[in-house]
Amino acid sequence: MIGLEIHCQLTNLNSKLFCPCKANYRGFEINENICPICIGLPGSMPRLNQEAVKKATIIAMALNCSTPEKIAFFRKNYFYPDLPKNFQITQLNIYGDTSVGGTGSVMVGDKKINITRIQLEEDPGRLIYEGSSSKNQITLVDYNRAGTPLVEIVTEPDFETPKEVRDFLNILSDILENLGVADPSLEGAMRADANVSIKGGKKVEIKNIGSFHDLEKAVHFEITRQESLHSREIEIIQETRHWDDKRKITVSSRSKEEELDYRYFLEGDIPWVIIDPATKTKLISEMPESIVSKKERYVSKYHIPAQVADVLSSDKYYSDLFEDSHTESNAKEIANIITTDLMGLVDTREKREASKLTPHHLKDLADSIQSSKLSRNSSKNALHEILKTGKDLSIIIKELDLGNVSDESELSGIITQVISEEAQAVEQTRSNPQTINYLVGKVMQKTKGKADPTLTLNLLKKQIGI
Amino acid sequence: MNLKISALDYIQEVKIGNISAEDFVAKTLEQIHNEDDKLHAFLSVNEKAVDQARDIDKKIKSGEKVGDCFGMPISIKDNLCIKDSKTTCASKMLENFIAPYDATVIRKLKQQDAIFVGKVNMDEFAMGLTTEFSAFGPSKNPWNNDCVPGGSSGGSAVSVSAFECVASLGSDTGGSVRNPASFCSAVGFKPTYGLISRFGLISYANSIEQIGPLTRTVKDTAFMLNMISGIDPNDNTTIDNKNEDYLSGIDSGIEGKKIGIIKEMIGEGIDPAVLSATKDAISKLESLGAICEEISLDMVKYSVAAYYTITATEAGSNLARYDNIRYGYDFPLEGYEFNSYISKARRNFGPEVTRRMIIGGFVPSSGQAGKYFLKALKVKSKLTNEINDAFKRFDLLLSPTVPVLPFKLGEKIDDPVSLFLVDINTVTANLTEKPAISVPFAISNGLPIGIQLMADTLQDKQLLQAAYALEQTVRLPEVPL
Ligand SMILES: [Zn+2]
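Residues numbered from 1 in each chain as written. Chains lettered and ligands numbered in written order. Predicted model: local features only at pLDDT ≥ 70, side-chain atom pairs only at ≥ 80, totals over all residues. Heavy atoms only, no water.

(A) Molecular detail of the overall build of chain B. Summing up its helical and strand segments, chain B has 15 helices and 11 strands in all. For chain B, the C-alpha radius of gyration of 21 Å lies close to 23 Å, the compact-globule estimate for 481 residues. With respect to the principal axes defined by its C-alpha atoms, chain B has extents near 65 × 55 × 45 Å. Every one of the 481 residues in chain B was classed for burial, and the buried ones make up 64%. (Helix = DSSP H or I, 4+ residues; strand = E, 2+ residues; numbered from the N terminus. Rg over C-alpha atoms; globule rule 2.2 N^0.38 Å. Buried < 20%, exposed > 50% of the residue type's maximum accessible area, 1.4 Å probe, protein only.)

(B) Representation of the overall build of chain A within the structure. For chain A, the helix and strand inventory stands at 16 helices and 15 strands. In terms of overall dimensions, chain A has C-alpha extents of about 90 × 55 × 50 Å along its principal axes. As presented, chain A carries roughly 22200 Å² of accessible surface, and 51% of it is formed by carbon and sulfur atoms. Of the charged side chains in chain A, 59 are positive and 68 negative; the average position of the first set lies 1 Å away from that of the second. (Areas by Shrake-Rupley, 256 points an atom, 1.4 Å probe, with all protein chains shown as cover. Lys, Arg positive; Asp, Glu negative; His and termini not counted. Charge placed at Lys NZ, Arg CZ, Asp CG, Glu CD.)

(C) Highlighting the domain arrangement of chain A. The domain architecture assigned to chain A consists of domain 1 (2–280), domain 2 (289–400) and domain 3 (408–464). For domain 1 of chain A versus domain 3 of chain A, the separation of C-alpha centres amounts to 65 Å. (Domains from an automatic or database assignment.)

(D) Just the sheet that holds strand β6 (residues 111–122) of chain A, in detail. Residues and elements named next belong to chain A. With mixed pairing, eight strands are arranged side by side in an open sheet as β5-β6-β9-β1-β10-β11-β12-β13. Two strands in the sheet have a free side with no partner beyond their single neighbour: β5 (104–108) and β13 (249–252). The sheet shows a mean angle of 30° between the axes of neighbouring strands, direction not considered. In the packing of helix α1 (residues 50–62) onto the sheet, the strands contacted are β6 and β9 (149–155), and the crossing angle to β6 comes to about 170°. (Pairing = 2+ DSSP bridges. Axes fitted to C-alpha atoms, helices over the stretch in contact; angles between N-to-C directions. Contact = heavy atoms within 4.5 Å.)

(E) Quick peek at the interface of chain A and chain B. Taken together, the 31 residues of chain A in the interface contact 39 residues of chain B. For the pair chain A and chain B, the two sides together bury roughly 2800 Å², of which 57% comes from carbon and sulfur. Applying the counting criterion to the chain A and chain B interface returns one salt bridge. Our enumeration of links across chain A and chain B arrives at 20 residue pairs in polar contact (both at pLDDT 80 or more). Taken together, the residues that form the side of chain A that touches chain B break down as 18 nonpolar, six polar and seven charged. (Buried area = accessible area lost by both parts, 1.4 Å probe. Salt bridge = Lys/Arg side-chain N within 4 Å of Asp/Glu carboxyl O. Polar contact = N/O pair within 3.5 Å; in protein donor to acceptor, adjacent residues only side chain to side chain. Nonpolar A, V, L, I, M, F, W, Y, C, P; charged D, E, K, R; others polar.)

(F) Quick look at a positive patch on the surface. Residues and elements named next belong to chain B. Together, Lys371, Lys375, Lys378 and Lys382 give the surface a local cluster of positive charge. When you line up the elements, lysine 378 lands in helix α12 (residues 373–393). Overall, the relative accessible area of 56% leaves lysine 378 in the exposed class. (Patch = residues over 30% accessible without salt bridge, like charges linked within 9 Å, V, L, I, M, F, W, Y side chains within 5 Å.)

(G) Spatial organisation of the sheet that holds strand β14 (residues 265–266) of chain A. With antiparallel pairing, the three strands of this open sheet are ordered in space as β4-β3-β14 (chain A). This sheet does not close on itself; its edge strands, each paired only once, are β4 (87–90) and β14 of chain A. As defined by bridge partners, strand β3 (residues 74–77) of chain A adjoins β14(A) across two bridges and the pair is classed as antiparallel. When the bridges of β14(A) are listed, Phe74(A) appears paired with Leu266(A). Contacts from helix α9 (residues 300–318) of chain B reach β3, β4 and β14 of chain A within the one sheet, and its direction differs from that of β3(A) by about 65°.

(H) Geometry of the pairing of strand β7 (residues 258–262) of chain B. Residues and elements named next belong to chain B. Where burial is concerned, most of β7 is hidden: four out of the five residues are buried. Across five bridges, the pairing between β7 and strand β8 (residues 291–295) is parallel. Within β8, the residue paired with lysine 258 across the bridge is isoleucine 291. Following the backbone out of β7, through helix α8 (residues 272–287) and into the adjacent parallel β8, one traces a crossover that is right-handed. Pairing geometry for β7 and strand β9 (residues 396–400), over three bridges, is parallel. Bridged to isoleucine 261 within β9 is leucine 398. (Right-handed = clockwise from strand over helix to strand, strands pointing away.)

(I) Region of the structure containing the packing of helix α8 (residues 331–342) of chain A against helix α10 (residues 359–370) of chain A. All names here are of chain A. In contact at an axis separation of 9 Å, α8 and α10 are set at 115° when each is read in the N-to-C sense. Looking at the two axes, α8 sits roughly perpendicular to α10. Crossing angle aside, the handedness with which α8 passes α10 is right-handed. Here Glu333, Ile334, Ile337 and Ile338 of α8 lie close against α10, whose contacting residues are Leu362, Lys363, Leu365, Ala366, Ile369 and Gln370. Tallied by class, residues from the contact of α8 with α10 come to seven nonpolar, one polar and two charged. (Parallel < 35°, antiparallel > 145°, perpendicular 65-115°, else oblique. Left-handed = near helix turned anticlockwise from the far one by under 90°.)

(J) Region of the structure containing the nonpolar core. Within the largest apolar cluster, 141 residues are counted, with the highest numbers of intra-cluster contacts made by Leu4(A), Ile59(A), Leu63(A), Ile118(A), Phe168(A), Phe125(B) and Leu397(B). Apart from the residues lying within four places of it in its own chain, the contact partners of Ile59(A) are Leu10(A), Ile118(A), Val151(A), Ile153(A), Leu176(A), Leu179(A) and Val181(A). (Core = buried A, V, L, I, M, F, W, Y, C linked by side-chain atoms within 4.5 Å.)

(K) Layout of the coordination of the zinc ion. Residues and elements named next belong to chain A. Coordination of the zinc ion by the protein is provided by Cys19 (SG), Cys21 (SG), Cys35 (SG) and Cys38 (SG), with metal-donor distances spanning 2.3 to 2.4 Å. Between the four donor atoms coordinating the zinc ion, the angles at the centre fall across 104 to 115°, so the site counts as tetrahedral. Here the donor residues for the zinc ion map to a single chain with the spacing C-x1-C-x13-C-x2-C. Here cysteine 38 lies in the loop between β1 (2–9) and α1 and cysteine 21 lies in the loop between β1 and α1, a separation of 17 residues in the sequence. Cysteine 38 shares its class with cysteine 21; the two are buried. (Donors = N, O, S within 2.8 Å, 3.2 Å for Na, K, Ca; no water. Tetrahedral: all angles 85-135°; square planar, octahedral: opposite > 155°, others 65-115°.)

(L) Structural view of helix α11 (residues 376–389) of chain A. Residue and element names in this part refer to chain A. Along its 14 residues, α11 runs 20 Å from first to last C-alpha, staying within 8% of the 20 Å computed at 1.5 Å per residue. Of all the positions in α11, only Ser378, Ser379, Ala382, Leu383, Glu385, Ile386 and Leu387 are classed as buried. Buried-residue contacts for α11 involve α8, α9 (349–354), α10 and α12 (393–400). (Expected span 1.5 Å × (residues − 1).)

(M) Structural context of the environment of Leu94(B). Residue placement: Leu94(B) occurs in the loop between β2 (73–77) and α4 (104–111). In this structure, the C-alpha to C-alpha distance between Leu94(B) and Tyr329(B), residues 235 residues apart in sequence, is 6.4 Å. With near-sequence residues (within four places) excluded, Leu94(B) lies in contact with Pro42(A), Thr87(B), Thr88(B), Cys89(B), Phe125(B), Ile202(B), Tyr322(B) and Tyr327(B).

(N) The side chain of Glu122(A), seen in detail. Residues and elements named next belong to chain A. Looking at where glutamate 122 falls in the secondary structure, it is placed in strand β6. In this structure the side chain of glutamate 122 is engaged in a polar contact, spanning 2.9 Å, whose partner is the side chain of lysine 85. A distance of 2.8 Å separates a polar side-chain atom of glutamate 122 from the backbone nitrogen of isoleucine 89. Those residues within four positions of glutamate 122 in sequence are excluded, and the remaining contacts are Leu17, Phe18, Lys85, Phe87, Gln88, Ile89, Gly147 and Thr148.

(O) Representation of helix α16 (residues 453–464) of chain A in the model. All names here are of chain A. Between its terminal C-alpha atoms α16 stretches 16 Å, which fits the 16 Å expected from 12 residues at 1.5 Å a residue. The complete set of buried residues in α16 reads Leu455, Thr456, Leu459, Leu460 and Ile464. Down the axis, α16 shows its buried residues gathered within 150° of arc, on one side only. Against α13 (408–421), α14 (423–431) and α15 (435–446) lie the buried residues of α16. Downstream of α16 by a residue or two, glycine 465 has a phi angle that is positive, lying close to 90°. (Arc of directions from axis to C-beta.)

(P) Molecular detail of the pattern of salt bridges. Residue and element names in this part refer to chain A. Per the counting criterion, the structure on display carries 53 salt bridges over all chains. Taking the shortest distance from any N to any O, the salt bridge between glutamate 205 and lysine 207 comes out at 3.7 Å. With relative accessibility at 19%, the residue glutamate 205 sits in the buried group. Notably, a salt bridge pairs glutamate 239 with arginine 241, separated by 2.8 Å at the nearest N-O pair. Through salt bridges with shared partners, one network takes in Glu222, Arg225, Glu239 and Arg241.

(Q) Geometry of the packing of aromatic side chains. Taken as a whole and assessed by the stated rule, the structure comprises 23 aromatic pairs over all chains. Ring centres of Tyr329(B) and Phe331(B) lie 6.0 Å apart, and the angle between their planes is 10°; this geometry places the pair in the stacked category. You can call Tyr329(B) buried: its relative accessible area is 17%. Measuring from ring centre to ring centre gives 5.5 Å for Tyr336(B) and Tyr341(B), while their planes differ by 70°; the resulting arrangement is edge-to-face. We classify Tyr341(B) as buried; its relative accessible area is 2%. One aromatic cluster is present, built from ring pairs that chain together Phe97(B), Phe125(B), Tyr322(B), Tyr327(B) and Phe349(B). Looking at Lys70(A), its charged tip hangs above the ring of Trp272(A), at a distance of 4.7 Å from the centre. Lying across the ring of Phe407(B), Lys412(B) places its NZ or CZ 4.7 Å from the centre. (Phe/Tyr/Trp six-rings, centres within 6.5 Å; stacked < 30°, edge-to-face > 60°. Lys NZ or Arg CZ within 6 Å of the ring centre and 35° of its normal.)

Structure follows, in structure tokens:
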């Protein structure tokens, strides 16, 4: 059995959970993105970011969780150098359902994964270890991350295999990205703890898993480790282990974390937050269309094949491009360009950021293909060039001489030449009509793929007289 | 130059040009210089105060717009942050802490051209009610230097009463403004929870404490409340009071008002002089047309226990940040692992803070919470219900502020339990979020007695009107400096 605790930073917010510093701390000098509140200076008080509460509520609703009308924040008290106040402001449900999200569920294929709760809390700072041995090791603290809004999603132990974990994480990433609340591709934006147990063994908690990619690996490693212990009849003890992302193994932690008493109590500096039905209705109306609904719409409205619609709807980058570029008539063509030509070119965050492609380009490409101004072949070359330069399609067609040869007299000349060169094939067309495709290919060769295929075919037939 | 004037008189005198801010502030600093070796109200003095006063005089002369405080010299409890000034909380832990920002109340007073003459003494982190727990030595009661001035805002009360400032800001977690005000014959006010922003107040028990003014007159308190109250985006617990003017109508009187006399606050252990002063206050109020009647509040007897349980829990959390890593005192980190470092560094807390940290680690812990912390919260909620019911019948509740007279320094410092009982009359207002005020009412054998009035939530204005009426019934002798 596997249960997950997923931490997702709300990186798309402007500010931290309790202060005006930036929620996305990346790119700052060490300890530059800080203020008296997020480093817990004496006299500072938390100032709740209402937008974070809204976003966390949206996540809860998207994961079909119950959302209480009143939410509260609690203090989790423990000493750790990455915690500026030596307590973390978080949420819990032990004194009634006061967390931003209660029980919910997500379908992974045919399997239902139950959500235990969703809570909004502050991220601690980041520890940096220096020094080679334990003797001269020093710990430095960077508080840039301290106070970043974090949503913790706790699942029931409903997973049975690492693959189910991976499928769930893929769906969850897509949902979070589609909601526009988080950017799963940012380093450290998605972290997780996992509880793993096998039949007859105790529960083992794995902490500190820095990415979804490693989570699947960690779970896999841990199951293998436990099964190997079990087969040798060695007892599996209840413990906390850490994921060592360099060695890709889980390591037993010697810390006494299990014995910590967090002395939870209500954070008096933050009054209860009311999320009334009117607020919820408004949030629902502002929620982006779900991935499932998008997919259905693509299939039913534009007759895009289900598989293509699936790819298109689940990746926010692609679906945004599609939404902003398509019209009733070119939708299928654009879906085609995105899922066959574009996908390989922008498969990483870096490539997407470097890309100069706009929805307008996609529209031009699709329209040009549909009006036979550009062959499918040439459109791939044009797309390459657009990504690199961002130039207008018309300019690229000119510069790279990609435009279709659709001038009848020019094409007729070329066809006459092909017919004279390929007498045997011309002859065969009379007994085997398929041979005409060979001739079209020859014309294409001569025009470097720029001949308008339909026009070519018609002219060939006309000249040969079939 | 007469320093013995109220804040409102000071403003009037400066406005009409009878006195200059510079002269008054210079004379105030001289007073601090003369009296404070003996009284020890101040932990630090603002050396630029006279220059700042001169700038305000220039503004007045040139006809520029001047803030409502007109350079009035104010002392500030040393748990309120003033930018670029030391803010020590009277603790060795924060001996070298220089605040990088202004508390909201400080920002507001600066905008109104107040002058901060210095930071004043307190019990370490506001934990105590005699100011003897200051890491920098106790303050003395100006009425009798052998006696404690009360606490924790002892320095505030001493400085107001000894003319070392015109007004002061303290903080009140369980009576820390009202208790020293009563012991030093000053007016001390704890507003409705949320009426004054706590941003920049170094927390002790944040769910119940408030900043409050200490002044020489009730009108001055109303004026100070006008200056510093109101909603603040930096403190999510503040209430919008719509810029209420607490001075207007302050002399409305109390005719026909119903006043409940809390039986449990004039019971066992009360000093006879305090009891007779209380009776005198009741008859004076009755002669002004108020209707007084005794009321029993059953939960009051549990209030002190609940108060110490809740405050210790919150203090244990609020003071956890003092690990000496980001700021603090000189104690190098090298060679330590985190846990051993902080346990060593945190030994710099004084005995009372340490005591409460230990209690604060215990009472909310799993296994104990049900017996202590959660029970204390239950008392708080029952007490609140009881008080709310009382305010359905009464406009105000009355008691002596402290059941005993100021006692000798050292007399109770080693007896925390008997000290705690000194809180019995004040903690209820904090636990129930109600406004309460201590009004100087009598002097017995040269020692001050204050009367406490309490009102319902957000009835701060009505409370000040009643306090003003009570204040007008007596004329008290001058402090024998
Ligand atoms: Zn900050």
